[in-house]
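# Geometric and topological summary
One letter stands for each residue in the lines below.
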Amino acid sequence: MIFDFESDFAGSLRCIPMIARQKLDIAGIKLSLRQWSQLSREERGRLADLRCGTAEEREAYRALVLRLIAARSDEPPRYLATADFADWREAGRMPDAVRAQADADGVPPPTPAQWAALTPLQRFALIKLARSQHENENFVPAMREFGVL
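Throughout what follows, the structure given in this document is the object of discussion.

Rules used throughout
- Residues numbered from 1 in each chain as written.
- Predicted model: local features only at pLDDT ≥ 70, side-chain atom pairs only at ≥ 80, totals over all residues.
- Heavy atoms only, no water.
- Phe/Tyr/Trp six-rings, centres within 6.5 Å; stacked < 30°, edge-to-face > 60°.
- Buried < 20%, exposed > 50% of the residue type's maximum accessible area, 1.4 Å probe, protein only.
- Helix = DSSP H or I, 4+ residues; strand = E, 2+ residues; numbered from the N terminus.
- Contact = heavy atoms within 4.5 Å.

### What about the packing of aromatic side chains?
Scanning all chains against the criterion turns up 4 aromatic pairs. Plain terms: the ring middles of Phe3 and Phe5 are 5.6 Å apart, the flat faces sit at 15 degrees to each other, and that makes the pair stacked. Accessibility assignment for this pair places Phe3 and Phe5 in one class, buried. Judged by centre distance (6.1 Å) and plane angle (90 degrees), the rings of Trp88 and Phe124 are edge-to-face. Taken together, the residues Trp88 in the loop between β2 (78-79) and α6 (96-104) and Phe124 in helix α8 (residues 120-131) connect sequence positions 36 residues apart. Among the aromatic side chains, those forming a connected cluster through ring pairs are Phe3, Phe5 and Phe146.

What follows is the structure, encoded as structure tokens:
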């Protein structure tokens, strides 16, 4: 699934779409854009499409990413503490970064009911966009797309 706000840059899979970013975070691997671009279009599509919900799926996803990095990149894998990325799973608590980004953009933040109604991937996207230094210009378009504004 590619969101409308990212379709111009992620639809071609030249950039890492949110669905793949979420799975990489779940797997605990930080994939650089350079590493992503060294993968084939088919491999990038596979990383976007593969399931990563169960412990077995997460382990298989992680193993695949590590194999792809070893085969295609001269950069070593970088790991993430997966517990640090659980905010998007919490429908009952919106992270301060989302409020701060909404304030910075001059728009109201999602209400608690709106936040709770978002899908986990939508919450992930808003959090990622709020915390990103270079992609927060997509924060307001994402809020519109998700029906929050």
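Having seen the structure, we can now continue with the description.
### Here's the deal with the environment of Leu80
As for its position among the elements, Leu80 is in the loop between β2 and α6. Owing to a relative accessible area of 23%, Leu80 belongs among the partly exposed residues under this scheme. Sequence-wise, Leu80 and Ala27 are 53 residues apart; in three dimensions their C-alpha atoms are separated by 8.3 Å.

### Looking at the environment of Glu59
In this structure, Glu59 sits in helix α5 (residues 55-72). Taking the C-alpha atoms as reference, Glu59 lies 31 Å from Asn138; in sequence the two are 79 residues apart.

### A word on the side chain of Glu43
On the secondary structure map, Glu43 appears in helix α4 (residues 41-49). The contact partners of Glu43, leaving out residues within four places of it in the chain, are Leu68 and Arg72.

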